[in-house]
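Given next are the chains, with one letter for each unit.
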Amino acid sequence: MIDNLPYRQVAVDDLRPGGLLCVADHASNHVPEDIELGIDPALLDAHIAVDIGVEGIADRLARRHGMPAHIATVSRLVCDLHRREDDPAAVPSESDGTLIPGNIGANVEARLDRFHRPYHAALAELIARAPPRLILALHSFTPKLATSDEQRPWEVALLYNQDDRAARHAIRLFGEQGLNVGDNQPYSGKQLNATMDRHAEAQGIPYCTVEIRQDQIGTAAGQARWATLLADVMGRVALEV
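Residues numbered from 1 in each chain as written. Predicted model: local features only at pLDDT ≥ 70, side-chain atom pairs only at ≥ 80, totals over all residues. Heavy atoms only, no water.

*Asks:* Could you give me a rundown of the nonpolar core, with the residues and numbers involved?
*Replies:* Generally speaking, soluble globular proteins have nonpolar side chains that are buried together. Core analysis: the biggest nonpolar cluster contains 73 residues, and Phe174, Trp226, Leu230 and Met234 have the highest contact counts within it. Looking at which element gives the most residues to this core, the answer is helix α5 (residues 220-240), with 8 residues. Discounting chain neighbours no more than four positions away, the residues touching methionine 234 are Leu20, Met67, Leu134, Leu136, Ala170, Phe174, Cys208 and Val210. (Core = buried A, V, L, I, M, F, W, Y, C linked by side-chain atoms within 4.5 Å. Buried < 20%, exposed > 50% of the residue type's maximum accessible area, 1.4 Å probe, protein only. Helix = DSSP H or I, 4+ residues; strand = E, 2+ residues; numbered from the N terminus. Contact = heavy atoms within 4.5 Å.)

Structure (structure tokens):
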């Protein structure tokens, strides 16, 4: 965390009204020293703690592809910024079958005050200052959950709630690249779309919530490939909405 903030912003001085903005709610696995989760530290490198590969893509989009980024700097196990404040999963007591004992009985209000509210206040201020034409909400998903035998064959997926106008274009464009594209998979944006519900749908701003399968982006080369692909596809989507 920089200056004890739960976010960092990259190239936002370049954000202009009508531009593109990247948001990465689950980009970090950082746990502040004064918070004890009570889990094996090795789990901080797993999907339950961080969207693997996302930070590298968001940084590259901002620094090399002209898409400013608002990036989380705290693990979703400390405070899940992609949940409503009243969602029990905002401070999760378990994730994919793993108990998070340090969060049982935690001061949820203090976590929200320290992490969730400043993160979303800064994002709201950024969007108000330079309303984007399109927001890219960037996530990644594990090829296999520990708690399920479900197959996850999609290389990339688009999630949305009510506003699917940008997602529909992106699904088509990713498909034209020969990719296996999920439509509201591996979970539905009807249930999991908190940040874009708040900052995009509520403002009438088109958005794409993009989920990339983590085995595609576990390396710097994979992240570079996907940053280039996302910059191209999102730029084309922005022209259509």
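From this point, things continue past the structure.
*Asks:* Describe helix α2 (residues 108-129), and please don't skip the residues or the numbers.
*Replies:* Over its 22 residues, α2 extends 30 Å from the first C-alpha to the last, a length consistent with the 32 Å expected when each residue adds 1.5 Å. Approximately 35° is the largest bend angle found in α2, and it occurs at histidine 116, with the proline proline 118 only one to four residues beyond. Among the residues of α2, Arg111, Leu112, Phe115, His116, Tyr119, His120, Ala122, Leu123, Leu126 and Ile127 are the ones counted as buried. Turning to α2, the residues buried within the fold contact β1 (7-10), β2 (20-24), β3 (69-72), β6 (134-141) and α4 (194-199). Sitting at the amino-terminal end of α2 is asparagine 107, which places a side-chain oxygen 3.3 Å from the backbone nitrogen of glutamate 109. (Expected span 1.5 Å × (residues − 1). Bend = angle between axes of the 7 residues up to and from the residue. Polar contact = N/O pair within 3.5 Å; in protein donor to acceptor, adjacent residues only side chain to side chain.)

*Asks:* Can you explain the packing of helix α3 (residues 165-176) against α5? Please cite residues and give values.
*Replies:* The angle between the axes and the distance between the axes are what describe a pair of packed helices. Interaxial distance between α3 and α5 falls to 9 Å at its minimum, and their mutual angle equals 135°. When the axes of α3 and α5 are compared, the pair comes out oblique. Taken as a pair, α3 and α5 cross one another with a handedness that is right-handed. Facing α3, whose interface residues are Ala166, His169, Ala170, Leu173, Phe174 and Glu176, α5 presents Trp226, Leu229, Leu230, Val233, Met234, Arg236, Val237 and Glu240. (Axes fitted to C-alpha atoms, helices over the stretch in contact; angles between N-to-C directions. Parallel < 35°, antiparallel > 145°, perpendicular 65-115°, else oblique. Left-handed = near helix turned anticlockwise from the far one by under 90°.)

*Asks:* Tell me about unusual backbone geometry, residues and numbers included.
*Replies:* Despite not being glycine, alanine 11 shows a phi value in the positive range, around 60°. Along the chain, alanine 11 falls in the loop between β1 and β2. In this structure, asparagine 184 takes a positive phi of about 55° despite not being glycine. Structurally, asparagine 184 is set in the loop between β8 (181-183) and α4.

Functional significance is not addressed by these values, which are geometric in nature.
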